[in-house]
Amino acid sequence: MYDLYREHARKCGFSVRKATSRYSKGNKQIPIELGKMFVCSCNGEKIQCSDDSSTSSTKKKRSTNITRTNCKAMMRVKRNQEGVFEVVKHELQHNHPLTRPEWSHLHRSERKISNEKAKAIEDMTSSGMRATESYRYLAHTVGGEENVGHTIKDHINFINRVKSRSIEGGDTVTLIDMIQDQAEEESDFFYKVKMDDEGRLAHIFWRDSMMKEDYDIYGDVMVFDTTYRTNKYELICAPFVGVNNHWKNTMFGCAFISDEKAETFEWLFNVFKKSMQGKTPMTIFTDQDLAIANAIEKVFPGTRHRLCLWHLHQNAISRFGKLKADSTFKGMFNKCLSGCDNEKEFEECWMKMVTDYKLENNDWFKRLYGLKDKWCTALNNGFFSADIRSSQRSESTNHAIGFDANKTTTLTEFYGIYKKTIKQWRRTEQQDEFNCSKAQPDIGYEMAGIVRHASEVYTLTLFKEFNKEFMKGISATSTVIGEHDTTTIYRVTSLMGDRSNEVIFDSSMMLITCDCLKFERFGMLCCHSLRILLINSVQRIPDAYIKNRWTKIAKLKVWDKFGKVSLAEKVGRNIPWRHEITRKFYNLVLRAEENEDAIKIIEESHKRDSLAIDALNSTKNVDVLTDASSSTKILDPTRSKTKGRGKRAKGHFETSKKKKVGTSNSIQSKEFGTKTPKQHLF
């Protein structure tokens, strides 16, 4: 009866609402509805709040428009002796103007989000679509906003209610539940949570099983950065990032930390180290944070600590003063950072710079020189770094994760954004792996010998780098400067003649070294070494100089291991069926929309099938289970005072006084999480 009166109201131009209902008093457990009354939405009068209300002095009243005009239009129905509702009174007269037909979809009684529509909206929101985007999509599919069935305001309010329901038990508890659910699904999933003495979340770290596999292969170089704080509690996002065999980002783990103290970083690095069964990186890149540097020295004593050149350069510009406009000075400074080939050249360039510009007594430049081993590329040529020169790789991770994040983003929402980002990275990686298995590089000439071998071994991205070095080697010249048995020493000079390097080649052992140390730094032979192999007619890259992390088969065993998981186990058994059946019915509708008889068949079939499914669902016994949330009650974190809310934190180079580490009170906390993985012999 309500739908009947609502249809009448829509055609006439007014909105309706349910007013009163009468029930029988005979059966208290199952009352029988005897009568109903439906009224115009303008029925009644606005309720006036009394001035002596307890909240009137503290809470500002919200200004609302008056829509009630005490309209008497209504319809009353009652159940007759046959048990059927019949209309007993119908008042047609209104005391207000009726709505134009083209505006009738804005009436409150015409706006409803059905269960099916709600599911579609939730799916679109989960996929990353903003509220306005998903609403525009719905409007497009039904032919306009007037046909959607609700307004953009209703749409946004519904999405906000869904988000609020998802964290009813607390943002942190919901996050822990999500992580624990994933830990139950993955046997090698690892997480660790640390609470403060008030029971609030202080720090949390997690990594999944694929991140462990990636770290085993690509964990020789790692980038760690803590510049990102876009979330509700201003917790610091601290991702551990590496580079894979396609020269793309790969994630090793992620953490939220509440401060940037040395003891916090020590805890985080120790947890990360335990999660990776004690394996440590060869090189780690960070920004110029003293607390991070001290923690690395304690937890990763054998790891080469490198500083981000981009951050260093930005800080240096703020120290240049009038020298900012001097292009010669900036050129010399940049050469000191990354343009020198060896230590001697660096020392000469640095000395000339500080002498010519009278910087010998400048405290900042003195401190910078004292840390030259951490930033000067010429002093790090003998250490593997995958040729990464800055922690911007990690910052690009932060920007990717935080694309949809803002200052009101909850931890639960942030975790969802993070997981979508990782999925996108892994889809890109799978596409790169597929391309390598199906395609060969096009270099403009016929490949033969060592070049063909390189194309078979390296990924497409790394082969491009190899080909650049090979072309430089072809254009270079070489001369013999010494021989002993099967060992020959060459002098290789570049095409321009401005640089020369010494190469030692043992033809019997197929060993080759160059004083440019590119292989030690990058894991690929340099143009000088390739020149010597070329003139000695070497057809294949010696096995000792093929670094597995850059090859096509670097992750072959991992793909075999994870490829055994079925699609249903990955995405859920019902989701593929739902998408398949939706596609079939959508195609059926497209085929029928131009034929009136076909439309009638589909509508009758839908009505019949709906009744049958409702009957099945009504007879099915559904056990309602209590949600098993985290057994440990954790409070949401408070806003932490970090070194820079929403902007780049200053490094210790920028401060005239060094920070005192360890003087503040440490957090008295509790920890829980997964057990440290056991090491295996094989």
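Residues numbered from 1 in each chain as written. Predicted model: local features only at pLDDT ≥ 70, side-chain atom pairs only at ≥ 80, totals over all residues. Heavy atoms only, no water.

**Student:** Please provide a residue-by-residue account of the overall build of the protein, values included.
**Tutor:** The number of helices and strands found in the protein is 23 helices and 16 strands. Across the 682 residues that make up the protein, the buried fraction comes to 41%. Pairs at least 24 apart in sequence give 66% of the contacts found in the protein among residues at least 6 apart. For the protein, the exposed area adds up to about 39,800 Å²; of that, 52% sits on carbon and sulfur atoms. (Helix = DSSP H or I, 4+ residues; strand = E, 2+ residues; numbered from the N terminus. Buried < 20%, exposed > 50% of the residue type's maximum accessible area, 1.4 Å probe, protein only. Contact = heavy atoms within 4.5 Å. Areas by Shrake-Rupley, 256 points an atom, 1.4 Å probe, with all protein chains shown as cover.)

**Student:** Describe the packing of aromatic side chains, naming the residues involved and giving the relevant values.
**Tutor:** A full pass over the atoms with the stated rule returns 41 aromatic pairs. Both rings, one in Phe224 and one in Phe269, keep their centres 5.1 Å apart while their planes meet at 75°; by these two values the pair is edge-to-face. With a gap of 45 residues between them, Phe224 in strand E7 (residues 221-224) and Phe269 in helix H7 (residues 262-275) connect regions that are remote in the sequence. Site record: aromatic cluster; members linked through ring pairs are Phe190, Phe205, Tyr215, Phe224, Phe240, Phe252, Phe265, Phe269, Phe272 and Phe300. Positioned above the aromatic ring of Tyr2, the side-chain terminus of Lys18 is 4.9 Å from the ring centre. (Phe/Tyr/Trp six-rings, centres within 6.5 Å; stacked < 30°, edge-to-face > 60°. Lys NZ or Arg CZ within 6 Å of the ring centre and 35° of its normal.)

**Student:** Break down the environment of Tyr458 for me, with residues and values.
**Tutor:** Structurally, Tyr458 can be placed in the loop between helix H16 (450-457) and helix H17 (460-475). You can call Tyr458 buried: its relative accessible area is 1%. Measuring from C-alpha to C-alpha, the distance between Tyr458 and Asn245 comes to 8.4 Å, with 213 residues separating the pair along the chain. Each residue touching Tyr458, except ones within four places of it in the same chain, is listed here: Phe463, Phe466, Met524, Ile541, Tyr545, Ile546, Trp550, Thr551 and Lys552.

**Student:** Break down the nonpolar core for me, with residues and values.
**Tutor:** Tyr458, Phe463, Phe466, Ile512, Leu533 and Ile541 are the most contacted members of the largest nonpolar core, which has 37 residues in total. Secondary-structure elements contributing two or more residues to this core are E7, H16, H17, strand E13 (487-493), strand E14 (500-506), strand E15 (511-514) and helix H19 (527-535). With residues near it in sequence (within four places) discarded, Ile541 still touches Ile450, His453, Ala454, Tyr458, Phe466, Leu525 and Ile546. Of all hydrophobic cores here, the second largest spans 31 residues; its members include Phe190, Phe252, Ile296 and Ala554. (Core = buried A, V, L, I, M, F, W, Y, C linked by side-chain atoms within 4.5 Å.)

**Student:** An account of the sheet that holds strand E3 (residues 74-79) is needed here, citing residue identities and associated values.
**Tutor:** Taken together, the four strands give an open sheet; going across it, the order is E1-E2-E3-E4, and neighbouring strands pair in antiparallel fashion. Edge positions in the open sheet fall to strand E1 (16-23) and strand E4 (85-91), since each of these has one partner strand only. The sheet shows a mean angle of 15° between the axes of neighbouring strands, direction not considered. Strands E1, strand E2 (33-40), E3 and E4 of the sheet are contacted by helix H1 (residues 2-12), whose axis makes an angle of about 155° with E1. (Pairing = 2+ DSSP bridges. Axes fitted to C-alpha atoms, helices over the stretch in contact; angles between N-to-C directions.)

**Student:** An account of a negative patch on the surface is requested, with residue identities and associated values reported.
**Tutor:** On the surface, Glu596, Asp597, Glu603 and Glu604 cluster together into a negatively charged patch. By the element assignment, Asp597 lies in helix H23 (residues 596-619). (Patch = residues over 30% accessible without salt bridge, like charges linked within 9 Å, V, L, I, M, F, W, Y side chains within 5 Å. Salt bridge = Lys/Arg side-chain N within 4 Å of Asp/Glu carboxyl O. Lys, Arg positive; Asp, Glu negative; His and termini not counted. Charge placed at Lys NZ, Arg CZ, Asp CG, Glu CD.)

**Student:** Give a description of the confidence of the model for the protein that names residues and reports values.
**Tutor:** Considering every residue of the protein, the mean pLDDT works out to 82; 82% of them sit at 70 or more. Between the elements of the protein, mean pLDDT differs from a low of 47, seen in helix H21 (residues 567-571), to a high of 96, seen in E15. Across residues 640-668, where pLDDT falls below 50, the model places 67 contacts with residues more than four positions away in sequence or in other chains. Here residues 678-682 is a poorly scored stretch, pLDDT under 50, and it has three contacts once near neighbours within four places are set aside; other chains count. (pLDDT = per-residue confidence, 0-100.)

**Student:** Which residues make up the pattern of salt bridges, and what values go with them?
**Tutor:** Oppositely charged side chains can form a pair if their charged atoms are brought close together. On inspection of all chains with the given rule, the structure shows 27 salt bridges. When the shortest N-O distance is used, the salt bridge between Glu345 and Lys335 registers 3.5 Å. Taken together, the residues Glu345 in helix H11 (residues 343-356) and Lys335 in helix H10 (residues 327-339) connect sequence positions ten residues apart. For Glu345, a relative accessible area of 19% gives the class buried. In the salt-bridge network here, residues are joined through shared partners; they are Asp387, Glu465, Glu469, Lys472, Lys518 and Arg521.

**Student:** Can you tell me about helix H9 (residues 309-320), naming the residues and giving the values?
**Tutor:** Given a rise of 1.5 Å per residue, twelve residues ought to cover 16 Å, and the 16 Å separating the end C-alpha atoms of H9 matches this to within 8%. Buried within H9 we find Leu309, His311, Leu312, Asn315, Ala316 and Phe320. Gly321 sits one or two residues past H9 and shows a positive phi near 65°. (Expected span 1.5 Å × (residues − 1).)

**Student:** Please provide a residue-by-residue account of helix H8 (residues 290-299), values included.
**Tutor:** Buried residues dominate H8, accounting for seven of its ten residues. With a side-chain oxygen lying 2.8 Å from the backbone nitrogen of Ala291, the N-terminal cap of H8 falls on Asp289. (Polar contact = N/O pair within 3.5 Å; in protein donor to acceptor, adjacent residues only side chain to side chain.)

**Student:** An account of the sheet that holds E15 is needed here, citing residue identities and associated values.
**Tutor:** Pairing is antiparallel in the open sheet, where four strands are placed in the order E12-E13-E14-E15. Single-partner strands in this sheet number two, and they are strand E12 (477-484) and E15. Each strand of the sheet is rotated relative to its neighbour by a mean of 20°, with strand direction disregarded. Taken together, the seven bridges between E13 and E14 define a ladder with antiparallel strand orientation. When the bridges of E14 are listed, Ile489 appears paired with Ile504. Most of the contacts of H19 go to E14, to which it runs at about 50°, and overall it touches E12, E13, E14 and E15.

**Student:** I'd like to hear about a nonpolar patch on the surface, residue by residue, with values.
**Tutor:** Taken together, the side chains of Tyr445, Met471, Ile474, Leu534 and Ile535 present a nonpolar region at the surface, about 400 Å² in accessible area. At the level of secondary structure, the elements contributing two or more residues to the nonpolar patch comprise H17 and H19. Residue placement: Met471 occurs in helix H17. We classify Met471 as partly exposed; its relative accessible area is 40%.

**Student:** Can you lay out a positive patch on the surface for me, pointing to particular residues and giving the numbers?
**Tutor:** A contiguous patch of positive charge, built from Arg22, Arg76, Lys78 and Lys89, is present on the exposed surface. Mapped onto the fold, Arg76 is located in strand E3. A relative accessible area of 34% places Arg76 in the partly exposed class.

**Student:** Residue-level account of unusual backbone geometry, with values.
**Tutor:** For Lys358, which is not a glycine, the phi torsion comes out positive at approximately 55°. Residue Lys358 is classed as exposed on the basis of its relative accessible area, which comes to 69%. At Ala386, a residue that is not glycine, the phi angle is positive and equals roughly 55°.

**Student:** Lay out the packing of H9 against H10 in plain terms, naming residues and giving numbers.
**Tutor:** At a minimum axis distance of 12 Å, the contact between H9 and H10 shows a crossing angle of 150°. Taken together, the axis directions place H9 and H10 in an arrangement best described as roughly antiparallel. Every pair of crossing elements has a handedness; the one defined by H9 and H10 is right-handed. Of H10, the residues touching H9 (which contributes Leu309, Leu312, His313, Ala316 and Phe320) are Phe329, Lys330, Phe333, Asn334, Leu337 and Ser338. Classifying every residue of the contact of H9 with H10 by side-chain character gives seven nonpolar, three polar and one charged. (Parallel < 35°, antiparallel > 145°, perpendicular 65-115°, else oblique. Left-handed = near helix turned anticlockwise from the far one by under 90°. Nonpolar A, V, L, I, M, F, W, Y, C, P; charged D, E, K, R; others polar.)

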